[in-house]
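Next come the chains, spelled out residue by residue.
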Amino acid sequence: FGAMSGANFGGRISTLLVLLGAVLGNAQWGGGGGRPTGAPDEPPPSLAECAALFLSGQCNQTSLQELASAGSPLLRPLPFYEIFSVLKSGDKDTLSAWGSWKEMGNYELCIDDRASHHCTIRAFGGPSLGICLPRQCTVHDYLRRYKCEELLLFDSANATAALIPALANATAALLALSKALDYLAVKSKSFCAEDADYTVTPSARNLFILSGALLALVLLCTLAHSALRPACEARGLPLPPAWCEHWDAIGNSRRLLATRKDGELDFLDGMRVLSTGYVELGHMFLIAAFTSKNVVPAVGAYLQSFEATLIVGAFSAVDTFFFMSGLLCALSLLAHVDKRAADEPRTSVGVARALGQTATALVHRYLRLTPVYAYVLFFYTYALPLLGSGPLWAQSIGDGNVCERTWWTNLLYVNNLLGEDGHAGTAGCMGWSWYLANDMQFFAAAALLLPWYPSAPRWVTSLFGVSVLSSAVSAGVLSHVFRADITCLDPANADHIYGQPYTRQGTYAVGALFGIWLHERARRARHAAGDALPAAIGRAPSQTGPAPASWREVGCCVGGGVLLVAIFVLPWTDLRSGGLFERSAQEWAQWQKDTYNATQRQLWAVGLIGLSLWFIPGRGGMVRELLRAKIWQPLAKLSFGAYLWHLVVIFWLYFSALDYKTFSRLDITVNYLTVLMLSYALSYCSYLLVEKPMMNLEGALFAALARRGKHTRGVANPALSQPLVSPVAAVTAQWTEGEPPAAAT
């Protein structure tokens, strides 16, 4: 046994199998020593099938194919003394490394041989290995042949143990190997490089035609408006059509780089861009960690270090988005629906007017977000599968098949609730878009409530408070029922808590309540100054500098900072012993995890309120000045597109590689910067092709309706033509009330 390779081993037993097969026909090989526990998905191969597989030679690898395959004790048995060193050691790290082995082999050498094709076999919870097979050999045939060898190994091990007790250790190793081979054959998922479909479907062709048409339109309109128009004006010639201005790339780029007047909420620009980058880092780390060849020990050691809190904390950036979205939604809507004086407690609101304001806000929101979202969605579904290659590419594009059937749920912003065969939320089409669905649903609820605020402020405020409480209760109950861990890397947390609207609504509601408070503060200040102040918070900073801080303000700032640090650092007290994935070594009891899952998102939002109360009057020193720097404003306008594009870039970068990458801090840093730059570059392209022209058209449409008197008060809400928080919403617009968005820009 010690010197046998997989191919030679099969050749030496083929004659015996033929003789037995001729005698027994298709009788199942019972495995005299008994089968390993766990019923396979299909019955064991018959002796005749085993004989046919060995005699046909269809899966016999050539020397080149063996050289191009990953060296694995599972797929190409090494001398057994090497397997003994793994299985007999009992060393936890050694066994983990063997079980998480990722090796691709020499993909290029394999595909250069016309008689070969390259496939990857992934065993759940075990190795992921590339193997070069004869073209006529399928992965299924290859694994069936290994089942034959496993059965022989199992019977041989039992016979050896019965006849020669002194060889018990060697027999135990053979039994362990046979079980591993059986596990691989039964539990594996395989895909081959040729499984990637490069057929240009009608949908893909239409997308390419649309992209080409938009590019041509942008180029022609840029030439006409920025180059020809001045010459035509100088010579008195007919001017290019006015609608060309909407697609003028030079003009739109200037608007992108234009900055607003200083405002009290300018620090949200920096928070928005940094939070978007933090989410990109978290997503890239997860892809990198689970597609690295050195998962053990490099990834495992990293996840047991304090640095792992950086990855866990990345998912709190999503709560920052929800908080800012609720805050700016409340400020924007209340500035247009609530015109009460400070001493006027209530004012009547008609049902038709309130519903009209709700409908207007939703139309603005939908038209602002959906065009570029739809473009990226269809690019991801139909174009991305045609742009990559390599041994892992066929695995990565499976989500596109789901998108072909469920894309409509994304465009209706219900993909977090509706799906196909369990594909919804984070597991659905374009899984990272679960946030967009939640945010749109929260915006719709807020847009339905806030128009009633002038007539029933307490009721509206109470409903937002109920939303905060119900989200905490639902998250805590679900955490307890499903015994969820404290991060979304835990399947129970990811499936039942992380992306669900009823567990996420609380953070948005906290932001909305803070927005209501700021609106009331601005209303009282405006009344005290005789209406000399702007109508809403965020329009103008203090001209005299911040007033001395009161003890209450200092307490709010310190309390907010403590909450943010606590939410960020507390998970380490649970994970420091065993890392993220070894729950048996974690230190928290389940009730502590339930409490954390129930309250961490709402408390994170409360912490952000504390910092905001410190920054709004002009305090915060260098931190505030950094967050409100002008450079963030153009990047903030692109952050929505960057969020949409970033995982497209990550998939292409990692799954079109020729081999699994090596996990290291340097590798993560370089790849992260690559993803960051490419996502913003693609966002800029889609901004010029789709996003900004559609914004301009929407502004022109509502301006035309305004001139014709066909919209009610509050329709021309320029703030709503901007996205309302990163990655879906922008800082409150600084335009004058009633001015059309295109003209104001």
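The structure presented is a predicted model; accordingly, all values stated were derived computationally and were not measured.

Definitions and limits used
Residues numbered from 1 in each chain as written. Predicted model: local features only at pLDDT ≥ 70, side-chain atom pairs only at ≥ 80, totals over all residues. Heavy atoms only, no water. Helix = DSSP H or I, 4+ residues; strand = E, 2+ residues; numbered from the N terminus. Buried < 20%, exposed > 50% of the residue type's maximum accessible area, 1.4 Å probe, protein only. Contact = heavy atoms within 4.5 Å. Areas by Shrake-Rupley, 256 points an atom, 1.4 Å probe, with all protein chains shown as cover. Disulfide = S-S within 2.5 Å. Salt bridge = Lys/Arg side-chain N within 4 Å of Asp/Glu carboxyl O. Axes fitted to C-alpha atoms, helices over the stretch in contact; angles between N-to-C directions. Parallel < 35°, antiparallel > 145°, perpendicular 65-115°, else oblique. Left-handed = near helix turned anticlockwise from the far one by under 90°. Nonpolar A, V, L, I, M, F, W, Y, C, P; charged D, E, K, R; others polar. Polar contact = N/O pair within 3.5 Å; in protein donor to acceptor, adjacent residues only side chain to side chain. Core = buried A, V, L, I, M, F, W, Y, C linked by side-chain atoms within 4.5 Å. Phe/Tyr/Trp six-rings, centres within 6.5 Å; stacked < 30°, edge-to-face > 60°. pLDDT = per-residue confidence, 0-100.

**Student:** Where do I start with the overall build of the protein chain in this structure?
**Tutor:** Assigned secondary structure in the protein chain consists of 27 helices and four strands. Per-residue burial over the protein chain gives 53% buried out of 745 residues. Long-range contacts, defined here as pairs at least 24 residues apart, represent 79% of the contacts in the protein chain between residues at least 6 apart. Accessible area of the protein chain: about 31800 Å², with a carbon and sulfur share of 65%.

**Student:** Can you walk me through the state of the cysteines in this structure?
**Tutor:** Working definition: the covalent bond between the sulfur atoms of two cysteines is a disulfide. By the definition in use, this model includes four disulfides. Here C59 connects covalently by a disulfide to C137, the sulfurs 2.0 Å from one another. Handedness here is read from the sign of the S-S torsion; for C59 and C137, about 90°, the answer is right-handed. Here C137 lies in the loop between β3 (128-134) and α7 (139-163) and C59 lies in the loop between α2 (47-56) and α3 (63-68), a separation of 78 residues in the sequence. C59 sits in the buried class, given a relative accessible area of 1%. By relative accessible area, which is 1% here, C137 ends up buried. There is a disulfide in this structure between C110 and C132, and the S-S distance comes to 2.2 Å.

**Student:** How do you make sense of the pattern of salt bridges when you look at a structure like this?
**Tutor:** When charged atoms on two side chains of opposite charge get close, those side chains can pair. This structure, assessed with the given rule, holds 16 salt bridges. Close ionic contact of D266 with R628 constitutes a salt bridge, the shortest N to O distance being 3.8 Å. In this pair, D266 is assigned in the loop between α10 (249-257) and α11 (267-290) and R628 in the loop between α24 (621-627) and α25 (632-655), connecting sequence segments 362 residues apart. You'll find D266 and R628 in the same group, each marked buried. Taking the shortest distance from any N to any O, the salt bridge between R504 and D319 comes out at 2.6 Å.

**Student:** Looking at this structure, how should I read the packing of helix α19 (residues 457-481) against helix α23 (residues 590-615)?
**Tutor:** For any two helices packed against each other, the geometry comes down to the angle between their axes and how far apart the axes lie. In the contact formed by α19 and α23, the axes pass within 8 Å of each other and the chain directions differ by 150°. In terms of orientation, α19 and α23 fall into the roughly antiparallel class. Our pair here, α19 against α23, has a crossing hand that is right-handed. Contacts between α19 and α23 involve V468, S471, A472, A475, G476, S479 and H480 on the former and, on the latter, Q590, K593, D594, N597, A598 and Q602. For the contact of α19 with α23, the per-class residue count stands at four nonpolar, seven polar and two charged.

**Student:** When you look at the environment of C557 in this model, what are you seeing that I'm missing?
**Tutor:** Within the secondary structure layout, C557 lies in helix α22 (residues 551-575). Given the relative accessible area of 17%, C557 is considered buried. Taking the C-alpha atoms as reference, C557 lies 8.1 Å from S612; in sequence the two are 55 residues apart. Look past the residues within four positions of C557 in its chain and what remains in contact with it is G610, L611 and W614.

**Student:** Can you help me understand the side chain of R601 in this one?
**Tutor:** Topologically, R601 is positioned in helix α23. When residues no more than four places from it in sequence are discounted, the contact partners of R601 are D319, I497, Y498, T503, R504 and T507.

**Student:** Would you explain the side chain of K593 in this entry?
**Tutor:** Mapped onto the secondary structure, K593 falls in helix α23. What makes K593 buried here is its relative accessible area of 3%. Among the polar contacts listed, one links the side chain of K593 to the side chain of D485, at a separation of 3.5 Å.

**Student:** Can you help me understand the nonpolar core in this one?
**Tutor:** Residues M430, L450 and Y654 are the most contacted members of the largest nonpolar core, which totals 130 residues. Sort the elements by how many residues they give to this core and α25 lands first, with 16 residues. In this structure, I121, C137, V139 and L143 belong to the second largest nonpolar core, which totals 11 residues.

**Student:** Sorry, what's going on with the packing of α11 against α25 here?
**Tutor:** Packing of α11 against α25 brings their axes to within 9 Å, and their N-to-C directions diverge by 5°. The pairing of α11 with α25 is recorded here as roughly parallel in orientation. When the residues that make up the contact of α11 with α25 are grouped by side-chain class, the tally is 17 nonpolar, six polar and four charged.

**Student:** Please explain the packing of aromatic side chains as it appears in this structure.
**Tutor:** The relative placement of two aromatic rings is captured by the distance of their centres and the angle of their planes. Counted by the stated rule, this structure contains 24 aromatic pairs. Centroid distance F315 to Y498: 6.0 Å. Interplanar angle 85°. Geometry classified as edge-to-face. Taken together, the residues F315 in the loop between α13 (308-314) and α14 (316-337) and Y498 in helix α20 (residues 491-498) connect sequence positions 183 residues apart. The exposure class assigned to F315 is buried, which follows from its relative accessible area of 12%. Note on Y498: relative accessible area 7%, which makes it buried.

**Student:** For this particular structure, what's the right way to read the confidence of the model for the protein chain?
**Tutor:** Should pLDDT be low for a region, the predicted coordinates there are not to be read in detail. With 72% of its residues at a pLDDT of 70 or more, the protein chain shows a mean pLDDT of 76. Contacts for the low-pLDDT stretch residues 1-40, under 50 throughout, to residues beyond four places or in other chains number 69 contacts. A low-confidence stretch, residues 532-536 stays under pLDDT 50, and its non-local contacts, those more than four residues away or across chains, total nine contacts.

**Student:** Looking at this structure, how should I read unusual backbone geometry?
**Tutor:** Trans is the prevailing form of peptide bonds, just as negative phi is the prevailing case for residues other than glycine. Of note in the backbone geometry, Y413 takes a positive phi value of approximately 60° without being a glycine. Along the polypeptide, Y413 turns up in the loop between α17 (398-411) and α18 (434-449). Unlike most non-glycine residues, M430 shows phi in positive territory, near 50°. Positionally, M430 belongs in the loop between α17 and α18. Among the residues examined, M430 registers a relative accessible area of 0% and is labelled buried.

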